[in-house]
2 protein chains.
Amino acid sequence: MQIGELAKRTGCESETIRYYEREGLLPAPARSSSGYRRYEQRHLEQLAFILHCRSLGMPLADIRLLAGFHQQPAAEPCDRVNALIDQQISRVHSQIEALQRLEQQLLLLRARCDSPHTLADCGILKTLDDAASGDACACHDTP
Amino acid sequence: MQIGELAKRTGCESETIRYYEREGLLPAPARSSSGYRRYEQRHLEQLAFILHCRSLGMPLADIRLLAGFHQQPAAEPCDRVNALIDQQISRVHSQIEALQRLEQQLLLLRARCDSPHTLADCGILKTLDDAASGDACACHDTP
DNA sequence: CTTGACCTTATAGTAGCTACAGGGTTTGCA
DNA sequence: TGCAAACCCTGTAGCTACTATAAGGTCAAG
Ligand SMILES: [Zn+2]
Ligand SMILES: [Zn+2]
Ligand SMILES: [Zn+2]
Ligand SMILES: [Zn+2]
């Protein structure tokens, strides 16, 4: 199958497929006489593997490692697989916590402006300006 | 003050300060005879404003707009300020929701491997491989 | 025989920095 | 006076994971 069909079947754009090939995530397929890429079933599966991992937010470097475990002797322990997933879980978890703090801060800031008024009187702008001068701010300095 | 002192006072690296100047967020300061940047109090405050907004996750483009409101007539309504903050809140909120879904999926996947064993028997790898072949997976297809 | 839908490579852009390389300047100390 | 450390300058390239061109080659239908 050509790149366009692989793209349609996986929902991944042709350019992204070529990008994955350049990055060494997808093996280079055979070419037709005119230079077109010709993919087979195994490429479809490999790409599906990559996209599935991507949908879990895994970075490409980790996916490369995960895919590499297929070439390893099957009797090896799987602890490095777990480590990758655990790392990803903790990355995601700390991102969530950081974003939740951020949301709280933004909501506190937003609460400074509740009625329609002018720029001169806007509690949001005022808070930001005061904080820039070194004053305590509603968003960060909540005792 | 020189760039290094501004950097130390704000906790922002010199290169980042120069970057903000290039990006038009920080006005270009006067230069000494040898070409060194010489900052004044207003630069300190402007940079603090930028860093405060950055700490709320605001993109530079929005910070540029927010800073621009100081040049606007003070009698204008503040609704565009609010709109920027509201946009940021909803961005952050949807990021949180997406990451929480991700975390659930990762935990489900992680649960497939609970005891030490080999790559051949690893429930994580098996789940990923099966999903690549089109099977339902623990992480995404939870009915 | 031409039109349109494919395909190819190479290059540059996105956000927000960060890290050089390759220089000039200033300050302090022997 | 000489020299080294600690500053500063510009310009460029790197990071992630794509995305979007530009400029061209190929193939099937009408
Ligand atoms: Zn307001
Ligand atoms: Zn604040
Ligand atoms: Zn396992
Ligand atoms: Zn899944």
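Right above here is the structure, for reference.
This text gives an overview of the structure that appears in the document. On a predicted model such as this, the values are computed, not experimentally measured, just so you know.

## Structural notes on the overall build of chain A
And step 1. Of the regular secondary structure elements, chain A holds six helices and two strands.
And step 2. Starting at the N terminus, the α and β elements of chain A follow one another as α-α-β-β-α-α-α-α.
And step 3. For 143 residues, the compact-globule estimate of 2.2 N^0.38 gives 15 Å, and the C-alpha radius of gyration of chain A, at 25 Å, exceeds that figure by more than 25%.
And step 4. On the principal axes, the C-alpha backbone points of chain A span a range of 70 × 40 × 25 Å.

## A short note on the coordination of the zinc ion (ligand 2)
And step 1. The coordination sphere of the zinc ion (ligand 2) contains the protein donors C137 of chain A (SG), C139 of chain A (SG), H140 of chain A (ND1) and H52 of chain B (NE2), at a distance range of 2.0 to 2.3 Å.
And step 2. Around the zinc ion (ligand 2), the four donor atoms sit at angles spanning 94 to 117°, and that spread fits a shape best called tetrahedral. In this pair, H140 of chain A is assigned in the segment after α6 (123-132) and H52 of chain B in helix α3 (residues 41-55), connecting two distinct chains.
And step 3. Overall, H140 of chain A belongs to the partly exposed group, its relative accessible area being 29%.
And step 4. According to the relative accessible area criterion, H52 of chain B is buried, its value standing at 10%.

## Describing the protein's contact with DNA strand C
And step 1. Taken together, 17 residues surround DNA strand C, and among them G4, R18 and R37 of chain A together with Y20 and Y36 of chain B come closest.
And step 2. Each atom of DNA strand C within 4 Å of the protein belongs either to a base or to sugar and phosphate, the latter forming 78%.
And step 3. A distance of 2.8 Å is found between a phosphate oxygen of DNA strand C and a backbone nitrogen or oxygen belonging to R37 of chain A.
And step 4. Y36 of chain B has a polar side-chain atom sitting 2.6 Å from a base nitrogen of DNA strand C.
And step 5. Of all the secondary-structure elements, those providing two or more residues to the surface near DNA strand C are α1 (3-10) of chain A together with α2 (14-22) of chain B.

## Some details on the packing of aromatic side chains
To describe a pair of aromatic rings, one takes the distance between the centres and the angle between the planes.
Residues and elements named next belong to chain A.
And step 1. Taken as a whole and judged by the stated rule, the model has two aromatic pairs over all chains.
And step 2. Relative to Y20, the ring of Y19 lies with its centre 6.0 Å away and its plane at 45°, an arrangement referred to as tilted.
And step 3. Of the residues examined, Y20 reaches a relative accessible area of 6% and is grouped as buried.

## Quick notes on the interface of chain B and chain A
Interface size is often expressed as the accessible area that is lost when the parts come together.
And step 1. Across the contact, 53 residues belong to chain B and 53 residues belong to chain A.
And step 2. Around 4600 Å² of area is buried between chain B and chain A when both sides are counted, 73% of it from carbon and sulfur atoms.
And step 3. The largest share of the area that chain B buries against chain A comes from L56, L106 and L119 of chain B, three residues that together contribute 15% of it.
And step 4. Our count for the contact surface shared by chain B and chain A stands at two salt bridges.
And step 5. Notably, a salt bridge pairs R110 of chain A with D86 of chain B, separated by 2.7 Å at the nearest N-O pair.
And step 6. Where chain B packs against chain A, one counts 18 residue pairs in polar contact (both at pLDDT 80 or more).
And step 7. Mapped onto the side of chain B that touches chain A, the elements with two or more residues apiece are α3, α5 (79-110) and α6 (123-132) of chain B.
And step 8. Residue contributions to the side of chain B that touches chain A peak at 19 residues, all from α5 of chain B.

## Regarding the relation of the copies chain B and chain A
And step 1. Here chain B sits on chain A after a turn of 180° about the axis and a move of 0.0 Å along it, with an RMSD of 0.1 Å. On this basis, the relationship between the two copies can be described by a two-fold rotation axis. For chain B, the residue whose C-alpha comes nearest the rotation axis is I96 of chain B, separated from it by 2.9 Å.
And step 2. Comparing interface residues between copies, 100% of those in chain B also sit at the interface in chain A, which points to an isologous, same-surface contact.

## Details of the protein's contact with DNA strand D
And step 1. By nearness alone, 17 residues border DNA strand D, and Y20 and Y36 of chain A together with G4, R18 and R37 of chain B come closest of all.
And step 2. Within 4 Å of the protein, the contacting atoms of DNA strand D are 79% sugar and phosphate, with bases supplying the remainder.
And step 3. Here a base nitrogen of DNA strand D sits 3.4 Å away from a polar atom, N or O, in the side chain of Y19 of chain A.
And step 4. Between R54 of chain A and DNA strand D, the recorded distance is 2.9 Å, taken from a side-chain N or O atom to a phosphate oxygen.

## Some words on the pattern of salt bridges
Residue and element names in this part refer to chain B.
And step 1. Across all of its chains, the model carries ten salt bridges over all chains by this definition.
And step 2. Of the charged contacts, one joins R91 and D62 as a salt bridge, the two residues approaching to 3.3 Å between their closest N and O atoms. Taken together, the residues R91 in helix α5 and D62 in helix α4 (residues 60-68) connect sequence positions 29 residues apart.
And step 3. When its relative accessible area of 29% is taken as the criterion, R91 is described as partly exposed.

What counts as what
- Residues numbered from 1 in each chain as written.
- Chains lettered and ligands numbered in written order.
- Predicted model: local features only at pLDDT ≥ 70, side-chain atom pairs only at ≥ 80, totals over all residues.
- Heavy atoms only, no water.
- Helix = DSSP H or I, 4+ residues; strand = E, 2+ residues; numbered from the N terminus.
- Rg over C-alpha atoms; globule rule 2.2 N^0.38 Å.
- Donors = N, O, S within 2.8 Å, 3.2 Å for Na, K, Ca; no water.
- Tetrahedral: all angles 85-135°; square planar, octahedral: opposite > 155°, others 65-115°.
- Buried < 20%, exposed > 50% of the residue type's maximum accessible area, 1.4 Å probe, protein only.
- Near = heavy atom within 4 Å.
- Polar contact = N/O pair within 3.5 Å; in protein donor to acceptor, adjacent residues only side chain to side chain.
- Phe/Tyr/Trp six-rings, centres within 6.5 Å; stacked < 30°, edge-to-face > 60°.
- Contact = heavy atoms within 4.5 Å.
- Buried area = accessible area lost by both parts, 1.4 Å probe.
- Salt bridge = Lys/Arg side-chain N within 4 Å of Asp/Glu carboxyl O.
- Least-squares fit on C-alpha atoms with pLDDT ≥ 70 in both.

Honestly, it's all geometry; don't read function into it.
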